[in-house]
Each structure stands twice: as structure tokens, then as C-alpha cells.
Amino acid sequence: MNIKINTNFDLLSENYLFSEINKRINKYKENNKDANIIRLGIGDVTLPLGKKVIDALIKASNEMGKMETFRGYPPEYGYDFVKEAVMNYYKRFNVSLDLDSIFISDGAKSDLGNIVDIFGDNTIYIPNPVYPVYLDSNLMSGRNIKYIVGNKENNFLPLPNKEIKPNSIIYLCSPNNPTGGAYNHDELKKWVDFARENGSLIIYDSAYEAFIYDDNYPHSIYEIAGAKDCAIEICSFSKQAGFTGLRCGWTIIPFELESDNHKINKLWKRRQATKFNGVSYPVQRAAEAALSEEGILECKNNINYYMENAKLLSKLFDEKGIYYTGGKNSPYIWFKCPNGMKSWDFFDYLLENANVVGTPGAGFGTFGEGYFRITSFNTHEKTIEAIERLKKVL
Ligand code: PLP
């Protein structure tokens, strides 16, 4: 065969982070068969779905088995009942949305990856370290990518800087994976004001908004005045309602967003209608249930459980005086490896000396080197046991 392929794929680094982690764990286990390893690297939810969600899933599945209630293809943009649920959810944050600015999808990752389809060759600004999908999807499209550096000096919450060229696309993730840092209202306002002034578009990933407990921190970028003129928001039921295995998310593209004589909402509508056939009916009913009053309370119980772990982990780092971010409005804790160790060296050190596994910061970008991510998604019992072990080795 002699067809041309998209050689931009050659620019991607090997997707080796989690396979390398597993390789190292397996090697360690071979020589230490009885090791009781605790995983604090989990980036997935672990608690089961709430009753409201399950009831809705079962009811909708049964409807699909009856002639009178069977449904075929769902609307490409989501059923109105879920869009209405999302719209009402945002009212909690005093954000009012147009129904047709909301697009339901099978998750935030798809939308974050696919959104590149509707834009031309802009300069792309991506935080470093951050969730890798923004970088990889733009590399695949051959975009000119620049980094917005997160470091100890800016507490891993970079603010706008003069080097960001006008008319660019800027990705923001708050609360951030992996650093756990979240922008407060004032900081996010700086980004919104900046983007409006320099003609840029913000793509705002709020997948972890449900972990925000502090009123000084916005759940949505649209809590900031003017954001509808400069921002797309992408969110998910994955972390808010434990849907990582069910798959559902949403993207908001306000009608105000316009560039080059094109309505961005219309472009996304066209893109989705061409390449996406919607989310399954039972999952959309489950999503609707997750955003009902009772559903939100059930989901909150699970998040409270994880946040108890985050609190215990944060306390350890406070007591030890180790620099860290996150753990407050986020399930992630991001800390500096002791004694100037590199991320992977610290991974091995922790595995060998505490039988605790986390995620090396270098896996989230060059500026993550020397840092380490642990998560609060394990059980209370295992988290407490891990903390006891960490106390001895940190
Ligand atoms: N955005 C961030 C920052 C994430 O960490 C993740 C998953 O870990 C996602 C998006 C993906 O969300 P979804 O499960 O809806 O695809």
C-alpha cells in the first residue's frame, strides 16, 4: 500500500504513562509477591452509581423493549429533557443558558478532541502540565502549539501574559487535572477580560466542577461577565455523577460566539450532525436523573466521600510542610517530590519503600517534572493506610 497518512501522528509522544506505571508495578510484584500495594494513582471514580441514576437507566431500558415506547436514533445534539436538566443545573450558579447552546455528547474527552474540527490554523495555547487531550488533538491537526507554564511561582495556575498572541485559542482546565488547582472568580475574570481584549477564544474544561466546595471559585466560566463572548465550556457527567463507564457529557457554545462571519454554535451543530449520532436513550435518561434534586444529592454523597480522602491527604502534606496544590476543590493532590527527586525516581522510591503507587508529574507535561499526583478515589481504609506509610517515607 502506498497511501499518504497523517504524519502529524509522528509528533505524538508514546502514550506510555499508564502502561509504564503498570510495567513497573508488575516487575516489582514479581520480586515481592506478598507486597500489599495501594493505588493512589486512580484517575477514575470507584463508587457505584446512585439509585436515582440506576432506576432511570432500568426504566429507560425497559421502554426500549416495548413497541409503544421504543426509540431509535436520538437527536445528534441530545434530547431536550437532558439539555433542560443541564440548563437548570446552571441556574444553581446563576448562569442562564439558551437550550440550543447546549450539546449532549458521550463525554468531555470526545468533545475536547473533536472541537479542533471547526477551527482553522490558529495558534493554540495549552497549560503545561495538564490533561494531555488538548495537546494531542491539536498535534494531530498540525497546529502551532505554545505552552502556558504552570509552576510553583504561579501555584500551577498561570494567568494571562503578554506573550499570548491576539486571536488565539486558549485551553483552561479548572479544577485542573493533574494539579488540582482551581481559578477563583478574580483569576478567571482576568482570563475572560484578557481573551475579550485580545480576540481569543477560551476552551474551558470544567470536568471537575462538582468538586468545588468554596463559593469563591466558579463552577462555570459563564459565572464571569462577558464569558459568553469568548468561551466554550466542556463538562462531563463522569466525575460529577460517576458516569465514566456510562459515558455522557456536554458542551456549551453560546450564540454570541462569532468569528470570521461564522457562528461557532452553527459550525459545531454541523460538525455533530455529520459525525455523531447521539448518546443512547437510557444513558440520557440516567443523565437527566443525575441532575434532578435527588440525583444531585446522591452524587454529592460520593463526592463528599472522595473529598474526605482529599482532606486527609492534604493534612499529611500540611503536617510535613511539603509544597502541594489541590486537595481542596479537587480530587487531586499535586506535590513536589522530596529532595529534588525526579518524578519517575520518586515513583520507584514510593513503590519500593511504601508500596504506594501514584502518577509521575512528568507524564502531564515537561513542567510537571519533579512533581507527583495522588488522588482521593481509593477507599477511606486504603487511603488512611497509605497515609500512614507515606508519613514514614516522606
Ligand atoms: N477533562 C479532564 C480534565 C479529565 O481529567 C477527564 C478525564 O479524566 C476528562 C475531561 C474526560 O471526561 P469524560 O469521561 O467525560 O470523557
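These figures come from a predicted structure and were not determined experimentally.

S.K.: Pulling in residues and values, what's your account of the overall build of the protein?
M.R.: Along its length, the protein carries 12 helices and 15 strands. The C-alpha atoms of the protein give a radius of gyration of 21 Å, which matches the 21 Å a tight globule of 394 residues would have. If you line up the protein on its principal axes, its C-alpha atoms span 60 × 55 × 55 Å. Here the protein holds 394 residues, and the buried ones make up 53% of them. In the protein, once contacts between residues fewer than 6 apart in sequence are set aside, the share between residues at least 24 apart is 74%. Total accessible area on the protein stands at roughly 18300 Å², and carbon and sulfur atoms take up 49% of it.

S.K.: Requested: an account of the sheet that holds strand S14 (residues 359-360), with residues and values cited.
M.R.: With antiparallel pairing, the four strands of this open sheet are ordered in space as S11-S12-S15-S14. The outermost strands of the open sheet, each flanked by one partner alone, are strand S11 (324-326) and S14. Relative to strand S15 (residues 371-375), S14 runs antiparallel, the two being bridged by two bridges. The residue bridging Thr-359 from the neighbouring strand is Arg-373, located in S15. With respect to the sheet, helix H11 (residues 343-354) is in contact with strand S12 (332-336), S14 and S15, its orientation differing from that of S15 by roughly 50 degrees.

S.K.: An account of the site of the ligand is requested, with residue identities and associated values reported.
M.R.: Not every one of the 14 residues close to the ligand is listed here, only the nearest: Asp-205, Tyr-208, Ser-236, Ser-238 and Arg-247. Interatomic distance of 2.7 Å between a backbone N/O atom of Ala-108 and an oxygen atom of the ligand. Take Ser-238: an N or O atom from its side chain is 2.5 Å from an oxygen atom of the ligand. Burial of the ligand by the protein amounts to 91% of the accessible area it has alone, namely 400 Å². At the level of elements, helix H4 (108-114) and helix H7 (237-241) are the ones that each hand at least two residues to the shell around the ligand. Counting residues per element, the shell around the ligand draws most heavily on H4, which supplies three residues. Of the residues assigned to the shell around the ligand, the class counts are six nonpolar, four polar and four charged.

S.K.: Which residues make up helix H8 (residues 264-275), and what are the values?
M.R.: Between its first and last C-alpha, H8 extends 16 Å over 12 residues, near the 16 Å set by a 1.5 Å rise per residue. Along H8, the residues classified as buried are Ile-264, Asn-265, Trp-268, Arg-271 and Gln-272. What you see down the axis of H8 is that its buried residues fit within an arc of 125 degrees, all on one side. Seen from the buried face of H8, the exposed residues on the opposite side, beyond 90 degrees, are Lys-266, Arg-270 and Thr-274. Tucked inside the fold, the buried residues of H8 contact strand S2 (102-105), H4, strand S7 (231-236), strand S8 (249-252), strand S9 (258-259) and strand S10 (262-263).

S.K.: Explain the sheet that holds strand S6 (residues 201-205) to me, and be specific about the residues and the numbers.
M.R.: Two pairing modes exist for strands in a sheet, parallel and antiparallel, and in both the strands are linked by backbone hydrogen bonds. Taken together, seven strands build an open sheet; the order of strands is S2-S8-S7-S6-S5-S3-S4 and the sheet is mixed. Each edge of the open sheet is held by one strand with a lone partner, namely S2 and strand S4 (144-149). Here the average twist between neighbouring strands, direction ignored, is 20 degrees. Bridging between S6 and S7 involves four bridges; their strand directions are parallel. Among the inter-strand pairings, Asp-205 is bridged to a residue of S7, identified as Ile-234.

S.K.: An account of the pattern of salt bridges is requested, with residue identities and associated values reported.
M.R.: Tallied over the entire structure, the rule returns 18 salt bridges. We note a salt bridge from Arg-24 to Glu-20, for which the minimum N-O separation is 2.7 Å. Residue Arg-24 and its partner Glu-20 are both found in helix H1 (residues 17-31); the two are separated by four residues, about one turn of the helix. With a shortest N-O distance of 2.9 Å, Asp-348 and Arg-24 are connected by a salt bridge. Pair noted here: Asp-348 is in helix H11 and Arg-24 is in helix H1, with a separation of 324 residues, a long-range link. Residue classification places Asp-348 among the partly exposed positions, given a relative accessible area of 23%. Judged by its relative accessible area of 24%, Arg-24 falls in the partly exposed class. Each of Glu-20, Lys-23, Arg-24 and Asp-348 takes part in one network of salt bridges that share partners.

S.K.: Describe the state of the cysteines, and please don't skip the residues or the numbers.
M.R.: Scanning the entire structure with this criterion turns up zero disulfides. Not part of a disulfide, Cys-230 finds its nearest cysteine sulfur in Cys-173, a span of 17 Å.

S.K.: Break down the packing of helix H2 (residues 51-64) against helix H9 (residues 281-290) for me, citing the residues and quoting the values.
M.R.: Between H2 and H9, the least distance of the axes is 8 Å, while the angle of their chain directions is 150 degrees. When the interaxial angle is binned, H2 and H9 end up roughly antiparallel. When you trace H2 past H9, the crossing you get is right-handed. Contact with H2, carried on its side by Lys-52, Val-53, Ala-56, Leu-57, Ala-60, Ser-61, Glu-63 and Met-64, involves Tyr-281, Pro-282, Val-283, Arg-285, Ala-286, Ala-289 and Ala-290 of H9 and no other residues of that element. Partitioning the contact of H2 with H9 into residue classes produces 11 nonpolar, one polar and three charged.

S.K.: How would you sum up the packing of aromatic side chains? Please name residues and give values.
M.R.: Aromatic rings considered in pairs are described by the distance between their centres and by the relative angle of their planes. Scanning all chains against the criterion turns up 32 aromatic pairs. An aromatic cluster is built from Tyr-89, Tyr-90, Phe-93, Phe-237, Phe-243 and Trp-250, whose rings are joined through pairwise contacts. The ring of Phe-81 carries the charged tip of Arg-285 above its face, separated from the ring centre by 3.7 Å. Over the aromatic face of Tyr-213 sits the side chain of Lys-300, whose NZ or CZ is 4.5 Å from the ring centroid.

What counts, and at which threshold
- Residues numbered from 1 in each chain as written.
- Predicted model: local features only at pLDDT ≥ 70, side-chain atom pairs only at ≥ 80, totals over all residues.
- Heavy atoms only, no water.
- Helix = DSSP H or I, 4+ residues; strand = E, 2+ residues; numbered from the N terminus.
- Rg over C-alpha atoms; globule rule 2.2 N^0.38 Å.
- Buried < 20%, exposed > 50% of the residue type's maximum accessible area, 1.4 Å probe, protein only.
- Contact = heavy atoms within 4.5 Å.
- Areas by Shrake-Rupley, 256 points an atom, 1.4 Å probe, with all protein chains shown as cover.
- Pairing = 2+ DSSP bridges.
- Axes fitted to C-alpha atoms, helices over the stretch in contact; angles between N-to-C directions.
- Near = heavy atom within 4 Å.
- Polar contact = N/O pair within 3.5 Å; in protein donor to acceptor, adjacent residues only side chain to side chain.
- Nonpolar A, V, L, I, M, F, W, Y, C, P; charged D, E, K, R; others polar.
- Expected span 1.5 Å × (residues − 1).
- Arc of directions from axis to C-beta.
- Salt bridge = Lys/Arg side-chain N within 4 Å of Asp/Glu carboxyl O.
- Disulfide = S-S within 2.5 Å.
- Parallel < 35°, antiparallel > 145°, perpendicular 65-115°, else oblique.
- Left-handed = near helix turned anticlockwise from the far one by under 90°.
- Phe/Tyr/Trp six-rings, centres within 6.5 Å; stacked < 30°, edge-to-face > 60°.
- Lys NZ or Arg CZ within 6 Å of the ring centre and 35° of its normal.

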